[in-house]
Amino acid sequence: MAIVYVNDKPCEMNPEQNLLHGCLSNGFKLPYFCWHPALGSVGACRQCAVKQFKDENDSHGKIVMSCMTPAAEGTRISIADPEAVAFRAGIIEGLMLNHPHDCPVCDEGGECHLQDMTVMTGHDYRRYEFEKRTFRNQNLGPLVNHEMNRCIQCYRCVRYYQDYAGGNDLNAFALRDRVFFGRAEDGVLENEFSGNLVEICPTGVFTDKTLKQHYARKWDQQFAPSVCVHCGLGCNTDAGERYGTLRRIVNRYNHEVNGYFLCDRGRFGYEFVNNQRRFRQPLLNRQLTSVASARHYLDEKIAQGRVIGIGSPRASLEANFSLRTLVGPDHFYSGMADHEVKLVRLTIEILRRGPMRTPTLREIEESDAVFILGEDLTNVAPRMALSVRQSVRQQPMEAVKKLKIPLWLDFGVRDAMQDAKGPLYIATPHGTRLDDVATATFHAAPDDLARLGFAVAHALDSSAPAVPHADDWPLANEIARALKGAKKPLVICGASCASEAVIQAAANVAMAADAALSFTAPECNSVGAALMGGNPLSGVFQAVRDGYADTVIILENDLYRRAPHAEVDSALKAAPHVIVLDHLPNSTTEKAELLLPAGTFAESDGTFISNEGRAQRFFQVCMPENEVLASWRWLKPDHWQNLDDVLRAMAEALPELAAIRDAAPSSKFRIAGAKIPRSPHRESGRTAALVHINISEPKTPEDPDSALSFSMEGTPDQPPAALIPFFWSPSWNSIQAVNTYQKEVGGPLRGGDAGVRLFEPSPKNGQAYFSAIPAAFQPRESEWLLVPMYHIFGSDELSLQAPAIRELTVMPHVAINSDDFAEGMEVDVTLPDGAFRFPVRIHREMPAGVAAVSVGSSPRFAVQLPGWGKIARAK
């Protein structure tokens, strides 16, 4: 560390960073706008000015921009120097000349970085009396609102959108003394990470449009730490609530997982919680019934015996374990499609047995050679795709280091790099959104993808199985050279191709290259459900049809998304009694004799295990309305009183999951005897929330399951990372307050980041290479190999119920490369499990004989793919 003197006080700073970074890391209040820890420095706003002195004898000094000055050993600066203070005051006054006086009606009010910095610089009076510069706002779609008059030209938005997220439809348009940040014309922002503009923007130019539908100030919202439920990456979020309505999701910083950013599905998919179709009371034979009657009916069926339970990969570990305890391990079924659970368990076995480390998302960003085998990351694991996009900078930055350009000096780094990119190879059945930064792409049937992987492994290590008839495969050799020459090589794979061979090939490559290995997971708790165990889903259908079960209990699972429609139909019709726990109506809830309203992630506590094997706790942000209960509370035995009891019992019954108790402090955790408040200390108006029911203020609800309180009362101290409901610090009301929670700005949170890893690499133990290499794909006459195609907006079950996401949903279709069909043409797709009608989209990159079919958008299309089928023009 370097010693830098700030206001004559010696401070330790990272010598590989700039002075602004060092000052903020040491707790100094130094205003800034254009700088961001994830974006680096460009010196655009001039707000972070300080006085730098040559030595202790220099009394004159000079003004420098702290974000543009290295934190070198012995540097002496003053933040409080009158000239520096006056300079910063002049800058903020200039920025505020055209800024509107609309804080009371601005969505950013109360959590605005511009407000914080204005107060910090002491600017409190506007001398400018003339007309202000104004702009026309744009409609940027259902997610992000645009109010250009509030812009201070910091350039953060376009730097993030273009340079970091890879978007190209948001730009800076300049004319004379005007700069406009927006699109060339009105229209939906095309990038899947556009929602981060809401937090990147230091003013109210870009705000959350979904929040506008049910707006509440930050200080009036109640928050709780949560985990995203829309994919298997486990991104950390904070959920904000007021008056029983979930108002928004914001990013919860986790250095090892999502860092500063979320995908749009994770940020805006929350509105399914507020859906008017939510189940709020138990239904017995489609008639409202009381909780007591519902419990009596449930207990009666359990007492009669012959009960089986079906778990779910979108339900918490606690809910799945409660069902497993209720019905017994032998009668518990995982709730995942047979082929899917088989693939997820294979990935878990590989990560447990092998020496390959499963990387965090931060480590993926630091990889310098990446091979993606079979995964369309942007649509399956979006936040991982954003990390991969950063990884292509790593190898070119080695040349930048030789030029002695500081890596934080963003404009210098990008000027030196130009368009240089590190090795990224993508092998998938169809094109992906990452293809624009790929070194090379390879589009083929799953078996040919696997063969490429096996060939790469053999090129890396001759003892790995060779691929027949592929002795000299130039692409395989090129990929092998890139991985072999990398310092931090990475292989990414998953279950999207539904191919064991592809997964095994990826494992071979990682072993041969001594590379990190990351597997995606289909849903938020797919890994947890697989670790929980359970019988295959097909066994349920067989058991019910054979009369071995009288009652089937289905936990947060639409079985019509897991198995063919006819198979599920026949099983549920054969079951004398069907009990379903879920949030929203679906094809399975329609078959329920007893329906129990289950709490969503916002109304319950629980644990998910991410693709990385990281167990993370989420906490309820609001009390459930009516008779909604967390699923595990509907199913638990009487002696379990709170979440700690469930976790204790789970650790005893399943020792391999014992570590999940460390994912967050227990409900008994206190700081100086106090709980952690869910609400900011500035909270107001709660006494009026229920005035239409009772003029008296109700008692604050008790929370027996966590160390959080449902009020503003509690400790003012910073809690452990897993229990941080929101980021706030004196003088820092915006999301930039996260700086004060970190050991070093941009680094881990104090006390460590949330979650506990269950998978760590084993020492090399001579694990054998996989050797089942498939034969080369052979197209068939008049038939197509149909493979699954996923969509970030459309394939996830829950986010489809959010109005804003539904507007962006990709309609189900067939992607094909054939001159026999035209774009938009209706075709009939015939498979062994039924016939389906889809429109056609022409994808010229796809291989001959292979077609991709949208999955997830239509729950009726639940067939196992890949599979052979016929495609014909609709009659």
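Residues numbered from 1 in each chain as written. Predicted model: local features only at pLDDT ≥ 70, side-chain atom pairs only at ≥ 80, totals over all residues. Heavy atoms only, no water.

Participant: Describe the pattern of salt bridges, with residues and values.
Facilitator: On inspection of all chains with the given rule, the structure shows 46 salt bridges. A salt bridge links E111 to R248; the nearest nitrogen and oxygen atoms lie 3.1 Å apart. With a gap of 137 residues between them, E111 in the loop between α2 (82-95) and α3 (113-121) and R248 in strand β12 (residues 245-251) connect regions that are remote in the sequence. Take E111 and R248: they sit in the same class, and that class is buried. Here E612 and R757 are joined by a salt bridge, their closest N and O atoms 2.7 Å apart. Of this pair, E612 sits in the loop between β25 (606-609) and β26 (614-618) while R757 sits in strand β29 (residues 756-757), placing them 145 residues apart in sequence. An identical accessibility class is assigned to E612 and R757; each is buried. Connected via shared salt-bridge partners are R357, E363, E612, R614, R757 and E760. (Salt bridge = Lys/Arg side-chain N within 4 Å of Asp/Glu carboxyl O. Helix = DSSP H or I, 4+ residues; strand = E, 2+ residues; numbered from the N terminus. Buried < 20%, exposed > 50% of the residue type's maximum accessible area, 1.4 Å probe, protein only.)

Participant: Break down empty space enclosed by the protein for me, with residues and values.
Facilitator: Applying the stated criterion to the full structure yields twelve cavities of 30 Å³ or more. Estimates place the volume of the largest cavity at around 300 Å³. Around the largest cavity, the lining comprises 24 residues; the ones closest to its centre are E111, E199, R248, V250 and I735. The greatest single-element share of the lining of the largest cavity, amounting to three residues, is contributed by β12. Here the lining of the largest cavity is built from residues that sort into eleven nonpolar, four polar and nine charged. Looking at the second largest cavity, its volume works out to about 160 Å³. Around the second largest cavity, the lining comprises 19 residues; the ones closest to its centre are E556, G599, T600, F601 and S604. Here the lining of the second largest cavity is composed, by residue class, of ten nonpolar, six polar and three charged. (1 Å grid on protein atoms, 1.4 Å probe; cavity = no way out; pocket = protein on both sides within 12 Å on 5 of 7 lines; lining within 4 Å. Points joined across faces, edges and corners; volume = space filled by probe spheres on them. Nonpolar A, V, L, I, M, F, W, Y, C, P; charged D, E, K, R; others polar.)

Participant: Kindly report on helix α21 (residues 565-574), identifying the contributing residues and their values.
Facilitator: Among all positions in α21, only V568, D569, A571 and L572 are buried. Where the residues of α21 are buried, they touch α20 (537-545), β22 (551-555) and β23 (577-582). (Contact = heavy atoms within 4.5 Å.)

Participant: Provide a residue-level description of the pairing of strand β18 (residues 424-428), including the pertinent values.
Facilitator: When you tally the buried positions in β18, you get five out of five residues, the bulk of the element. Of the two faces of β18, the one lined by L424, I426 and T428 and the one lined by Y425 and A427 are each fully buried. Inspection of the sheet shows strand β17 (residues 369-373) paired to β18 by four bridges, in the parallel sense. Across the sheet, the residue bridging to F371 is Y425, located in β18. As paired elements, β18 and strand β19 (residues 440-443) share four bridges and run parallel to each other. Residue pairing in the sheet places A427 in a bridge with F442 of β19. (Pairing = 2+ DSSP bridges.)

Participant: How would you summarise the packing of helix α10 (residues 338-353) against helix α18 (residues 500-513) if you had to cite specific residues and measurements?
Facilitator: It is the contact of α10 with α18, at a shortest axis distance of 10 Å, that shows an interaxial angle of 15 degrees. The angle between α10 and α18 places the two elements in the roughly parallel class. Seen from above, α10 lies across α18 with right-handed handedness. Across the interface between the two elements, K342, L343, L346, T347 and I350 from α10 touch E500, I503, Q504 and A507 from α18. For the contact of α10 with α18, a count of residues per class yields five nonpolar, two polar and two charged. (Axes fitted to C-alpha atoms, helices over the stretch in contact; angles between N-to-C directions. Parallel < 35°, antiparallel > 145°, perpendicular 65-115°, else oblique. Left-handed = near helix turned anticlockwise from the far one by under 90°.)

Participant: Tell me about the pairing of strand β8 (residues 178-182), and name the residues and values.
Facilitator: The element β8 is largely enclosed, with a buried count of four among its five residues. Strand direction decides the pairing type here: strand β7 (residues 171-175) and β8, joined by five bridges, are antiparallel. The residue bridging N171 from the neighbouring strand is G182, located in β8. The hairpin formed by β7 and β8 contains two residues between the paired strands, and R176 there has a positive phi angle of roughly 50 degrees.

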